[in-house]
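If you want the building blocks of each chain, they are given just below.
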Amino acid sequence: AWQSQKQVTGSNKKVQPKKLVIKNFVAPVVTTEQLDELWTRLQQGLSDILQTGDTRNKSSLLDDADNLCIHGDQMELYRKIEQEVKRHMECCSSEFAKKQFPDNTAFLRELADIWGKHSKQTYLIRNIFNYLERRYVMLSHKQLLPLWEMGAATFRRELMCVNNVSNKCVEGMLSLIEQERCGDDIDGGLLNEIITMLRKLNMYNSHFEGPFLTQTNEFYRVKGDIQLNDSSVPVYLTYVTKCLADEERRLRHYLGSSSRRQLIKTVETNLIGSHVKSLLEKGFDSMMDEKRYNDLHVLYTLLNRVSEGAYRMCFFLYTYIKNRGLDIVMNPEKDKTMVQELLEFKDTIDSIIKQSFNSEDCVDVKKKAFEEFINMRPNKPAELIAKFIDSKLRSGNKEQTEEELEELLDKVMVLFRFIQGKDIFEAFYKKDLAKRLLMSKSASIDSEKSMLGKLKRECGSQFTFKLEGMFKDMAVSKDLMLSYKERENEGIDLSVTVLTTGYWPTYPTDSVIIPAQISAVLDKYKTYYLNKHSGRKLTWQHSLSFCTIKATFGDDSSTEKKLDLRKELNVSVYQGLVLFLFNNSAKLTYSSIAESTAIEEEELGRVLQSLACGKTRVLKKLPPGKEINKTDNFEFNTEFRHKMFKFKINQIQTKETAEENINTTEKVFQDRQYQIDAAVVRIMKARKTMQHSLLVSELYNQLKFPVKPIDIKKRIESLIERDYVERSKDDKNVYHYVA
């Protein structure tokens, strides 16, 4: 109540401050009869909502609920609401139990409808008794369930947990899921409703997930065994991929993400993890042979999903590469095509790894496998790689352009890296390089130097020191010849290449008889060279020389023009020495030719065969035949004709004999002995005293070629005999350095 007073003093009006008077609030008195009347109306409203979902009196029910909550006993009100919901669910459960359902779908449909109605009813009840929930239930320190959770708990207790409803529900769901996995169409929306219900009832994990994963495990265990036995690996991989995609779809449509990890793991374990060995044994090699890039990619992707799956596939990849490589390397019949096949095989493996696996682990496995199988046959791959490079760098090789040749050499260098005995390669490469340079057989000096640069980058300057010396000798000899020709004017066009001993392969010395006219020219150059370089020694290597000879065919009775009968023959020095003899005699015996030239017997046979039995027969052999005998006679073929003015008479090419290969290899082994000796002395000089096992281990670390323990032991014994090392008197396995 507000009251104000005014006082007037004289003529001045003074306003007094207002006074605020607060009186005690007198709450209206609500009798028990009124509370009972409120509950009666609320009970009827609850009954209407639970029975028919009628919400016409919602406004009045809200007022009654608030008044009853304010003036009545809140706990008693909560219990009454709980009893009404319970009573209704008991009726629903009884009616549901009496119904007969034709199939699982009908059962689940009815259950989903009951849950849908109950959810709406519970939401309405919570809205009507919102004041009770906010002001009393939520402040009860969790002693009471919120109205929604109370309704869900009542549904679970009065319907789901009686009459075996929950088990029938789970069994029906599992049956539908299995039908879908077998290819039948099902109502996915219904399953989504039921699973949502179970999640809200907190029954998904406790009642459904365990049996679902158990059924999934058994289903895919059986299906995986049957499918793998009845189909090829690519078909099985397609099946596994489809199964995983189907399960992902189920997770999106109705299962939800909470079960994803366990579900996918169960599928992977049964379809992939349990069959890793069978999959690899049954289909890996065939898919590699057939270059099935997509299938191999699927296989690797799937195996990568299970523990150690990718690791086990890498082992099979290693075994495959090793076995296929050994088929190429260990077969002597494939020696001619070994390097080309290895290059093609490596390209195939590289392509598969890049397109299908794209894994550094697979790259490492490839390197390890190549290094192992290519060294299972000692020395031969190194020799054949050197010869393969020789065939590509020789003149006449028109298979590739310079760019293609450069790319090929890069690929060959990858094979070269796998070789342990690189000194074997060096020996054969040096021998072939010498022939290309001395016989002018090199297709391109730029390509030669490019290859030399690759070897230098790979193995260091010490490896290519002698090879670089060979190129240096060629350049110095060219300059020297220009200087010589400026001073001397010979009737014979002479070209000399001076080879430094040590840079070039060792060639056997020959003592053939050189015609006096040519011998004088050679002696003159020798004198010039020795005057220019004192203290040096020159030895002529006629086996590496060639010359151009002018010849006139026909006789006095020939009616052809003399100009047409004149030819220039490009021949080896040995061939030239034989032809020179026919300037003085028209007919010679084998013995007289051998005596006049002093050419070694086997070489002379090849020379005469090239001149008298080949395509270009400038000599006649009597009697005719393809083989040269010591009783044969030879005469100048005046009837020989050739359409070219200048042509080459090819020598009889002799294949590199096994003996020559052995000699080359033995020289390498001899060099290896020197390297072992030097390494032992170097190590012992630094350590002074060392046990045998430690010395051998240190040698393996320092030597760049494969060596057997017995070879090391022999070299140590040799050093002991030469007083470089001595055994300890107390322990025979200990060595002392002898200063």
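Fair warning: this is a prediction, and the values are worked out from it, not measured in the lab. (Residues numbered from 1 in each chain as written. Predicted model: local features only at pLDDT ≥ 70, side-chain atom pairs only at ≥ 80, totals over all residues. Heavy atoms only, no water.)

1. Overview of the overall build of the protein
Inference 1: When helices and strands are tallied, the protein shows 29 helices and 13 strands.
Inference 2: Against the globule reference of 27 Å for 739 residues, the protein gives a C-alpha radius of gyration of 51 Å, more extended than a compact globule.
Inference 3: Looking at the protein as a whole, 42% of its 739 residues are labelled buried.
Inference 4: Taking the intrachain contacts of the protein between residues at least 6 apart in sequence as the baseline, contacts between residues at least 24 apart amount to 70%.
Inference 5: For the protein, the accessible surface area stands at approximately 42700 Å², while carbon and sulfur atoms represent 49% of it. (Helix = DSSP H or I, 4+ residues; strand = E, 2+ residues; numbered from the N terminus. Rg over C-alpha atoms; globule rule 2.2 N^0.38 Å. Buried < 20%, exposed > 50% of the residue type's maximum accessible area, 1.4 Å probe, protein only. Contact = heavy atoms within 4.5 Å. Areas by Shrake-Rupley, 256 points an atom, 1.4 Å probe, with all protein chains shown as cover.)

2. Examining the packing of aromatic side chains
Inference 1: This model, assessed by the stated rule, comprises 28 aromatic pairs.
Inference 2: Centroid distance Phe 465 to Tyr 503: 5.8 Å. Interplanar angle 85°. Geometry classified as edge-to-face. Taken together, the residues Phe 465 in helix α21 (residues 461-487) and Tyr 503 in the loop between α21 and α22 (516-532) connect sequence positions 38 residues apart.
Inference 3: Here Phe 465 falls in the partly exposed class, since its relative accessible area comes to 47%.
Inference 4: Given the relative accessible area of 19%, Tyr 503 is considered buried.
Inference 5: The interplanar angle of 80° and the centroid separation of 5.0 Å between the aromatic rings of Tyr 484 and Tyr 525 together place this pair among those described as edge-to-face. In this pair, Tyr 484 sits in helix α21 while Tyr 525 sits in helix α22, placing the two residues 41 residues apart along the sequence.
Inference 6: Every member of this aromatic cluster is reached through a ring pair, and the members are Tyr 484, Tyr 525, Tyr 528, Tyr 529 and Trp 540.
Inference 7: Across the ring face of Tyr 318, the terminal group of Lys 368 is positioned such that the distance to the ring centre comes to 5.7 Å. (Phe/Tyr/Trp six-rings, centres within 6.5 Å; stacked < 30°, edge-to-face > 60°. Lys NZ or Arg CZ within 6 Å of the ring centre and 35° of its normal.)

3. A look at the pattern of salt bridges
Inference 1: Here the structure, examined in full by the defined rule, presents 46 salt bridges.
Inference 2: Arg 436 is the salt-bridge partner of Glu 448, the closest N and O atoms lying 2.6 Å from each other. Of this pair, Glu 448 sits in helix α20 (residues 445-459) while Arg 436 sits in helix α19 (residues 422-438), placing them twelve residues apart in sequence.
Inference 3: We classify Arg 436 as buried; its relative accessible area is 1%.
Inference 4: What emerges from the salt-bridge pattern is a single network uniting Glu 180, Arg 181, Glu 247, Arg 249 and Arg 250. (Salt bridge = Lys/Arg side-chain N within 4 Å of Asp/Glu carboxyl O.)

4. Let's talk about the sheet that holds strand β8 (residues 619-622)
Inference 1: Taking strand neighbours across the sheet as the criterion, the three strands line up as β7-β9-β8 in an open arrangement whose pairing is antiparallel. At either end of the open sheet lies a strand with only one pairing partner, and these are β7 (587-589) and β8. Direction aside, neighbouring strands of the sheet carry axes that sit 25° apart on average.
Inference 2: Where β7 lies against strand β9 (residues 633-636), three bridges are found, and the strand directions are antiparallel. Each residue of the ladder has a partner; that of Thr 589, found in β9, is Asn 633.
Inference 3: Set on the sheet, helix α25 (residues 590-597) makes contact with β7 and β9; between it and β7 the angle comes to about 85°. (Pairing = 2+ DSSP bridges. Axes fitted to C-alpha atoms, helices over the stretch in contact; angles between N-to-C directions.)

5. Some words on α25
Inference 1: Of all the residues in α25, the buried ones are Tyr 590, Ile 593 and Thr 597. In an axial view of α25, the angular spread of the buried residues amounts to 65°, which keeps them on one side of the axis.
Inference 2: Looking at the residues trailing α25, positive phi occurs at Ala 598, about 60°. (Arc of directions from axis to C-beta.)

6. A short note on helix α8 (residues 188-200)
Inference 1: Helix length check: α8, at 13 residues, gives a terminal C-alpha distance of 18 Å against a target of 18 Å (1.5 Å per residue), a fit within 8%.
Inference 2: Residues of α8 that are buried: Leu 190, Leu 191, Ile 194, Ile 195, Met 197 and Leu 198. For α8, the angular spread of the buried residues around the axis is 155°, confining them to a single face.
Inference 3: Where α8 is buried, its residues meet α4 (104-128), α6 (147-160), α7 (165-181), α9 (204-230) and α10 (233-255).
Inference 4: The opening residue of α8 is Asp 187, an N-cap whose side-chain oxygen sits 3.2 Å from the backbone nitrogen of Gly 189.
Inference 5: One or two steps after α8, the chain reaches Asn 202, where phi turns positive at roughly 60°. (Expected span 1.5 Å × (residues − 1). Polar contact = N/O pair within 3.5 Å; in protein donor to acceptor, adjacent residues only side chain to side chain.)

7. Examining a negative patch on the surface
Inference 1: Taken together, the side chains of Glu 402, Glu 403, Glu 404, Glu 407 and Asp 446 present a region of like negative charge at the surface.
Inference 2: Broken down by element, the residue count for the negative patch peaks at four residues, all from helix α18 (residues 402-418).
Inference 3: Residue position: Glu 404 is located in helix α18. (Patch = residues over 30% accessible without salt bridge, like charges linked within 9 Å, V, L, I, M, F, W, Y side chains within 5 Å. Lys, Arg positive; Asp, Glu negative; His and termini not counted. Charge placed at Lys NZ, Arg CZ, Asp CG, Glu CD.)

8. Focus on the confidence of the model for the protein
Inference 1: Of the residues in the protein, 92% reach a pLDDT of 70 or more, and the chain-wide mean stands at 86.
Inference 2: When pLDDT is averaged over each helix and strand of the protein, the minimum, 40, is found for strand β1 (residues 2-3) and the maximum, 95, for helix α13 (residues 293-303).
Inference 3: Low confidence marks residues 1-11, where pLDDT is under 50. Its contacts with residues over four positions away, or in another chain, come to eight contacts. (pLDDT = per-residue confidence, 0-100.)

9. Section: unusual backbone geometry
Inference 1: Put simply, Leu 622 and Pro 623 share a cis peptide bond, and its omega is -5°.
Inference 2: By the secondary structure assignment, Pro 623 is in the loop between β8 and β9.
Inference 3: Phi is positive for Asn 164, close to 60°, though the residue is something other than glycine.
Inference 4: Here Asn 164 shows up in the loop between α6 and α7.
Inference 5: Unusually for a residue other than glycine, Ser 440 sits at a positive phi of about 55°.
Inference 6: With respect to the element layout, Ser 440 can be found in the loop between α19 and α20.
Inference 7: Judged by its relative accessible area of 54%, Ser 440 is exposed.

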